[in-house]
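One letter stands for each residue in the lines below.
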Amino acid sequence: MSLKNYILTRILLAVPMIIILLAFIFLILRIIPGDPVLAMLGGKAPKEVIEQKRHELGLDKPLPIQFFDYFFGLFKGDFGKSTLTGRPVLDELKERFPATVELTLFAFVIAVLIGIFGGTEAAKRKDKLPDVLARFFAIFMYAIPIFWFGLMLQLLFGVMLRWLPVAGRISPAIQFEPITGLYIIDSLLRGNWKAFVDVVKHLIMPGTALGLVISSIFLRMVRNNMVLVLSKDFVKAAIARGIENKSVLYRHALKNALVPIMTVMGMQLALLLAGAVLTETTFSWPGLGSYLVLKIRYRDFPAIQGAVVFFAIIVVVISIFVDIINAIVDPRVRY
Amino acid sequence: MNEVKNKFISHHIGSLLKEIFGSGTGIITFIGAAILIFFVILAIFAPQIAPYDPTVRVSRSLKPPSDEFIFGTDNLGRDVLSRVIYGARIALTIAFIAVLIAAAIGIPLGLISGYIGGILDRIITLIMDAIYSFPGLILAIAIAAVLGPGILNIAISIAVVYAPTYYRVIRNQVASIKDELYVEAARAIGARNIVILLRYILPNVLPSVVVVLSMNLADAIMTEAGLSFLGLGIAPPTPDWGFDLSNGQRFVLSKAWWGLLYPGLAIITVVLGFSMFSEGVNEYLNPTIKEKR
């Protein structure tokens, strides 16, 4: 199959996936015990008002019609309106998204660096001290709830040592006009050095906590794949040709070990972009995850639905990208 | 369940432990079982073991650990030790109910889908794959938000996330054994489909169900802790590890490390216990579902 056909097939296959996910989310949020309108207006609203609100929201139509209305609304960028703020959900999501992207990318870079270097070193000295240490590290990171890890870091670095702020993205005292919404880039573009330092300080703790927890996944995958690749003949041949150790490891072996890992890394990125809910809540990080939690607290169902649908779209779109990149790198993937 | 990985925690930890302990799975299983029995005893006999009532103020707030209150007191002056002991009840109960519901959804669907095949199989698989690919915690959050607090509601929210795992395992196994000779023989002597499914096929896939069940418990514990940390668990003042940590930032700011440390250690210990135990179960039943990631 040519690359173009593969990409086309892959996109077409995603369509039923998206529809099913949307229908599923839609159904779940429609089985609300009690009436969303009652929840919105409170129990004491007069009957006519309730009826009118129902009609306004289209809730008096049959369920399938409601779903199609919603579905085609999404195509037009209509994610519904928040009952809490009255603003379009998509606008609110757009405002929050850069914070999540910033946190995610920071964490992802840390995770990938630890994963690749740690995994390679562990594989090189298989069953020796670095490998054993890596195992204990991974066990710890798997068994630890990330919010607890985050809180412990806050206690140590935020309150006891006073090195880093414990919450938020930027100190309220700092005057600063965002451009892209990614504060690190914005502060540099504005040439505001003080803001830049402040933003980085805020990012370090949540980013590192999240990065360390994910790194365990990458570390193990890199290590296991490297062990496998290092036993292959072409590696032995490279060593026999007298190629320097480091070069064999990082240029010859790693390149081959990384191909299968790329998929996992890509999917992990997608899952992270879909809101690192716990990390964001722990560090009061104003991203998509804490948006969802906030809206749940106020039972703002249109916003909850919008956020979850947004997550679903992110996951599906990124998984398409991951597969396409994979198909470019490794032609065997194209079915 | 940390955001990123709330599936197969046990499997990952188990394989790491096996590398560390070599082939000595026995010792891992033993330690795991000991941890679990310890926590089950805590849960059952909490009223006898806990020194104080976990829901009432027994001292001034945020008292550091002392002889009187070994784990200190929380921001409402309640005994942290008693809350950690009672917390085992909610965590274990919800985890067990959740995996049972997940199995109760996934197994019948897997049996039917694998046995009948065809278009029905395609459709169910597509739906299950869609759920599976979605971030588990977000899904659980959405369902929990709709259902509201309560043990059963939380268990259902968690179960929906894990049902596809059971479905996949069962469906694939059924699809591969439904053409075995003994099944065909049963069909030849005129056994009805339902009899074939329940008497001939189900017993053969049950061992892998047990393995998935035991592996799933650690995931369920993690997801439950996450949900209640977000305030979506059971209603306060019932003691719950995750919920007690949702006060976390208050403990952080007042340097009350004891309010954070112990509920967190309880979660970690139980997750490790389930992981170790399930590795043993996995080994013992020697299933055909080894290739999980």
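Everything quoted here is computed from the prediction, not taken from an experiment.

What follows concerns the overall build of chain B. When its secondary structure is counted, chain B shows twelve helices and zero strands. Reading the helices (α) and strands (β) of chain B from amino to carboxyl end gives α-α-α-α-α-α-α-α-α-α-α-α. For the C-alpha atoms alone, the extent of chain B along its principal axes is close to 75 × 45 × 30 Å. The proportion of buried residues among the 293 residues of chain B is 52%. Expressed as a percentage of contacts within chain B between residues at least 6 apart in sequence, the contacts between residues at least 24 apart total 73%.

Another aspect to go through is the overall build of chain A. Across its full length, chain A carries 14 helices and zero strands. For chain A, the α and β elements follow one another from N to C terminus as α-α-α-α-α-α-α-α-α-α-α-α-α-α. Each principal axis of the C-alpha distribution contributes one length, and for chain A these read about 85 × 55 × 40 Å. The burial tally for chain A puts 39% of its 335 residues in the buried class. A separation threshold of at least 6 residues defines the contact pool for chain A, and within that pool the share at least 24 residues apart is 72%.

With 172 residues, the main nonpolar core has Ala-307 of chain A together with Ile-138, Ile-141, Tyr-166, Ile-221 and Val-271 of chain B as its most contacted residues. When residues of this core are assigned to their parent elements, the largest contribution, 19 residues, is made by helix H4 (residues 80-116) of chain B. Residues within four places of Val-271 of chain B in sequence aside, it is in contact with Ala-143 of chain A together with Ile-9, Ala-218, Ile-221 and Met-222 of chain B.

Packed helices, taken two at a time, are described by the angle between their axes plus the distance between the axes. The interhelical angle for the contact between helix H6 (residues 129-143) of chain A and helix H1 (residues 9-21) of chain B, taken along N-to-C directions, is 155°, at an axis separation of 10 Å. When the axis of H6 of chain A is compared with that of H1 of chain B, the two are roughly antiparallel. At the point where H6 of chain A passes H1 of chain B, the crossing takes the left-handed sense. Contacts between H6 of chain A and H1 of chain B involve Val-132, Arg-135, Ala-138, Ile-139, Tyr-142 and Ala-143 of chain A from the former and Ile-9, His-12, Ile-13, Leu-16, Leu-17, Glu-19 and Ile-20 of chain B from the latter. Classifying every residue of the contact of H6 of chain A with H1 of chain B gives ten nonpolar, one polar and two charged.

The rules behind each value
Residues numbered from 1 in each chain as written. Chains lettered and ligands numbered in written order. Predicted model: local features only at pLDDT ≥ 70, side-chain atom pairs only at ≥ 80, totals over all residues. Helix = DSSP H or I, 4+ residues; strand = E, 2+ residues; numbered from the N terminus. Buried ≥ 20, exposed ≤ 12 C-beta atoms within 10 Å, placed from the backbone. Contact = placed C-beta atoms within 7 Å. Core = buried A, V, L, I, M, F, W, Y, C linked by C-beta atoms within 7 Å. Axes fitted to C-alpha atoms, helices over the stretch in contact; angles between N-to-C directions. Parallel < 35°, antiparallel > 145°, perpendicular 65-115°, else oblique. Left-handed = near helix turned anticlockwise from the far one by under 90°. Nonpolar A, V, L, I, M, F, W, Y, C, P; charged D, E, K, R; others polar.

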